[in-house]
Amino acid sequence: MNRVRIWLGALSIPLMTVPLPASAEDGYALWLKPAASSVRQMKANRLGDSATLMLAERELRHALSPDAPPVVLATASSPSLKMLGLKFKGLGDEGYLIRSVTLDGRKVILVAGNSDRGALYGAFALIRHLNTGGPAESIDLRSSPKVKLRVLNHWDNLDGSVERGYAGQSLWDWWTLPDFRDPRYTDYARANASIGINGTVLNNVNAKADSLTAPYIAKAAALADIFRPWGIRVYLSVRFSAPIELGGLKTADPRDPAVAAWWRAKADEIYRAIPDFGGFLVKANSEGQPGPRDYGASHADGANMLAAAVRDHGGIVMWRAFVYAETDPEDRAKQAYSEFKPLDGKFADNVLVQVKNGAIDFQPREPFHPLFGAMPRTPLMIEFQITKEYLGFATHLAYLGPLFTEVLDARTGHRPGETVADVVDGKAEHHKLTGMAGVANIGRDRDWSGSTFNQANWYAFGRLAWDPDLSAEAIARAWAAQTFGPDRQVIDTVTTMMMGSREAVVDYTGALGLAHLMATGHHYGPGPWVSELARPEWNPVYYHRADAAGIGFDRTESGSNAVGQYAGPVARTFAKPGTTPESMLLWFHHLPWTYRVADGRSLWEDLVAHYDRGVAYVANMQKQWGGLRDKIDAERWQKTATYLAIQNREAQWWRDASLAYWMSVNHLPLPAGVRPPEHDLAWYKAQQYPHAPGQAH
Ligand code: BDP
C-alpha cells in the first residue's frame, strides 16, 4: 500500500475550509464520500499557489487513502515540469493530465492542467480513478471537456420554492444573502466541480424582474464569490419585460434604443458586482412569458439585443427554443422548429439557442428534437431535465443516464453518422461556443436531490456534459462505486437496477411512444382522460388521440407531418410504422388497436404487456435492493427501500388507471391471465393531489 503526500509550499492565500458532512450516511456526502477523512501533515512543495489549486489539494487529502502514492499538483507554467516534456497542447483551459512521473528524483502522480481549474478537475478525476478501482501505478490519463458550458438551470424562485423541485426548498436562501454564506453553498460548488459543471443559472426561467434589482444582484454576487474558486460561473434568468417593470419604460421592444440602453446599463451594473458573470438565460414568448414577439420582433432580435449588452464583458445569452402558442393550431411538436429554423444564421456570435432534448417537453421518452442538425449556423445548447417532473418525482428510482445518451447518440440524418452529440459539442459545425444545460434536482433536503439515486442523475448530467460520448452504464458503475464503496456485488446490483429503471417508468406510464399522459398542473400520477383544459395541447387526449378504433398521433404526411422536420434517412424511418422503432410508434403514427407489432401481438396486447413489465421491474428492484441490506448503511438502505415500495404502489396505480381508461375507450378485454385494474375508472379520476410538490406559481 502507498501513502498520500501532497507537497505545497508557502501559500499566499489561506486554505479555504471545505466542511465535511456531519454524517456520512445520510446522503449529504453525495459521491464524494471520503475514504479517509483525517488530514495528515504533509511535506510542502509549492507548484502553484492559487485558491483553486489549494482546494484541489484539500480534496486529495480528504479523499485518497493514506496508501496512495504521493501526488503533485501543478499548472503547465510551473518550471519544474519543463524537463518532463509533457504535452499540454490540446488540453484547453479546463483539461488535465494525470501521469506517473519522476519529479526531482521521486516517483509521484502528477496532476496538471493549463490552468488551476484543469488541475482541480484532474484532482477529482484522480480520486474517481482510484475510488473506482483504477490502478495507482503507471497512470496516464488526459481529458478535456468536449462541451464548453456545462450548466445547471435552477428553477428556483425568490420566495424559496422550486418549480418542479422535489428535494425541498431552494438551496439559495435569498432572504439571508448576501450576509449569510451558508457553508452548503461551498459544498454545492464542490460537488459540481467534481463532475465538471462550470456554470449555474440561479433562478427560474419563469423569472421575476426583481432578480435584476441591486439587492438581488448583491445576493447573486455573494454566491458567485463562493463558486469562483471552484470554476463555476453564475448566470441569471431574465424577464424580458424587466425594462418596463424595473426601468419604467413603456415598452420592452428589442428594437427600441432606450430598451437596449437599459439592458446595457443593467449588464454593466451586474458586471461591476460579478466580473465573471456568465450571462443571461431567457424564456420568451412561451407559456405566458413576455418576449420580442409581443412587439412583432423575432427571437433573434430579442436575443441579439441582450447579447450586445453582455458582449464586451465576455457574456453570453442562452435563448430557449421552448415555445408553443395556444393561438397556433399547428402540432405542438412542430412549433419550435417552425419558429427557429428560419432564424438560423441570424443570431449574434455570443448567443446559444437552448433546445430541450425532445420536441415537446421532457417526457419519459421523446424522439430527439428535430432542430438538432437543422440550424448549422447556430450553436445549439441541449437542455435536459434532471429533476423528474415526468418520471416519478423524487420517489421513483429512474436513472436518466440512458435517457440522456439515447438522445445524444441519436443520428440526426443531416450528415452520414452525425449524432445529436456531434451537434451539441460543436464537432458537426466547428462551433467553439457549445453547451449542455440540466434542470437541477437540487434542494435543501439533507441528501440534496430527494433520494440517493436521484444524485446519480445530477452526476450523470455532469459527466456527460464533460464528455457526451461516455456510456450511461460506465457512469452508473462509477457513481455506484463512489457512492456505496468498492463491493462488487453492490456495484453490479445497483448498476443493473439503474440501467433498466428509466425504461420501467416508460413502461408503466405509457410505452410505445405515448407521451403527456400525466395529471394536470402538478403532473403527478396518471391523467390520460383529461380533455377539458382551455388550451388543446395541455390535454393528454390531444397527444394520444385514442378512440374505439385506434391510438397515437399521426405525425406523418397524412397527419401533422412533423416527420418532415427530420432529415432524410431519419424522416424516412419515422414515416412508416413498419420502420419506426417500436418505442416511438405512437408518437408518429395513429394505429388500430389490432395493429400487429413485431412479435405478432396486437398493439393492445403489447401495450398491456409493457404496463406489466414496468410494474414487474419495480418489484424486482425491490428484491435486488433487499439483497443488499447488509451491505449498505441502514439510513440510505431504508429510505431507498421505502421509496421503492412507494414506486411499486404508484407503478400499479399508473398501470391500473391507464388500463381502466384505455378499456373505456377501446372496449377491448384484457388478454387472458392479465390482472384487471383494482378500481373502476371513476375511482382513478376522482384522485386529487392539490398539494403535490413542485407546482408552478
Ligand atoms: C414544463 C414545466 C414548467 C416549465 C416549462 C419550461 O412543467 O414548469 O416552466 O417546462 O421548461 O415542463 O419552461
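Higher on the page you've got the structure.
The text that follows walks through the structure, step by step, so that each part is easy to find.

**Remarks on the pairing of strand S8 (residues 279-282)**
Here's step 1: Alignment of strand S7 (residues 233-238) against S8, held across four bridges, turns out to be parallel. For Ser237, the partnering residue across the bridge sits in S8 and is Leu281.
Here's step 2: As judged from the four bridges shared by S8 and strand S9 (residues 316-320), these two strands associate in the parallel manner. Note that in S9 the partner of Gly279 across the bridge is Ile316.
Here's step 3: In this fold, S8 hands off to helix H7 (residues 299-311), which returns the chain to S9; that crossover is right-handed.

**Details of the site of the ligand**
Here's step 1: Of all residues adjacent to the ligand, which total 14 residues, the nearest are Glu163, Lys283, Arg320, Lys356 and Glu389.
Here's step 2: The contact in question runs from an oxygen atom of the ligand to an N or O atom on the side chain of Arg320, over 2.6 Å.
Here's step 3: Here an oxygen atom of the ligand sits 2.7 Å away from a polar atom, N or O, in the side chain of Lys356.
Here's step 4: For the ligand, whose accessible area on its own is 320 Å², the fraction buried by protein is 97%.
Here's step 5: Residue composition of the shell around the ligand, by class: four nonpolar, two polar and eight charged.

**Digging into helix H4 (residues 214-227)**
Here's step 1: Here H4 spans 20 Å end to end across 14 residues, near enough to the 20 Å set by a 1.5 Å rise per residue.
Here's step 2: Summarising burial for H4: 10 of the 14 residues are buried, a large majority.
Here's step 3: Among the structural elements, helix H3 (183-194), strand S6 (199-201), S7 and helix H6 (257-273) are those in contact with the buried residues of H4.

**Focus on unusual backbone geometry**
Here's step 1: A cis amide bond links Leu177 to the next residue, Pro178, at an omega of 5 degrees.
Here's step 2: Considering the arrangement of structural elements, one finds Pro178 in the loop between strand S5 (149-153) and H3.
Here's step 3: Of note in this structure, Leu30 is not a glycine but carries a positive phi near 55 degrees.
Here's step 4: Position of Leu30 among the secondary structure elements: in the segment before helix H1 (51-63).
Here's step 5: Residue Leu30 is classed as buried on the basis of its relative accessible area, which comes to 4%.
Here's step 6: You will see that His516, though not glycine, has its phi angle at about 60 degrees, which is positive.
Here's step 7: Locating His516 in the fold gives a position in the loop between helix H13 (488-509) and helix H14 (540-544).
Here's step 8: Overall, the relative accessible area of 7% leaves His516 in the buried class.

**Points about the sheet that holds S5**
Here's step 1: Strand order in the closed barrel formed by eight strands is S5-S6-S7-S8-S9-S10-S11-S12, with parallel pairing between adjacent strands. With strand direction ignored, the average angle separating the axes of adjacent strands in the sheet is 25 degrees.
Here's step 2: As paired strands, S6 and S7 are joined by three bridges and run parallel to one another. When the sheet's bridge partners are listed, Thr200 is paired in S7 with Val234.

About the cut-offs
Residues numbered from 1 in each chain as written. Predicted model: local features only at pLDDT ≥ 70, side-chain atom pairs only at ≥ 80, totals over all residues. Heavy atoms only, no water. Pairing = 2+ DSSP bridges. Helix = DSSP H or I, 4+ residues; strand = E, 2+ residues; numbered from the N terminus. Right-handed = clockwise from strand over helix to strand, strands pointing away. Near = heavy atom within 4 Å. Polar contact = N/O pair within 3.5 Å; in protein donor to acceptor, adjacent residues only side chain to side chain. Areas by Shrake-Rupley, 256 points an atom, 1.4 Å probe, with all protein chains shown as cover. Nonpolar A, V, L, I, M, F, W, Y, C, P; charged D, E, K, R; others polar. Expected span 1.5 Å × (residues − 1). Buried < 20%, exposed > 50% of the residue type's maximum accessible area, 1.4 Å probe, protein only. Contact = heavy atoms within 4.5 Å. Axes fitted to C-alpha atoms, helices over the stretch in contact; angles between N-to-C directions.

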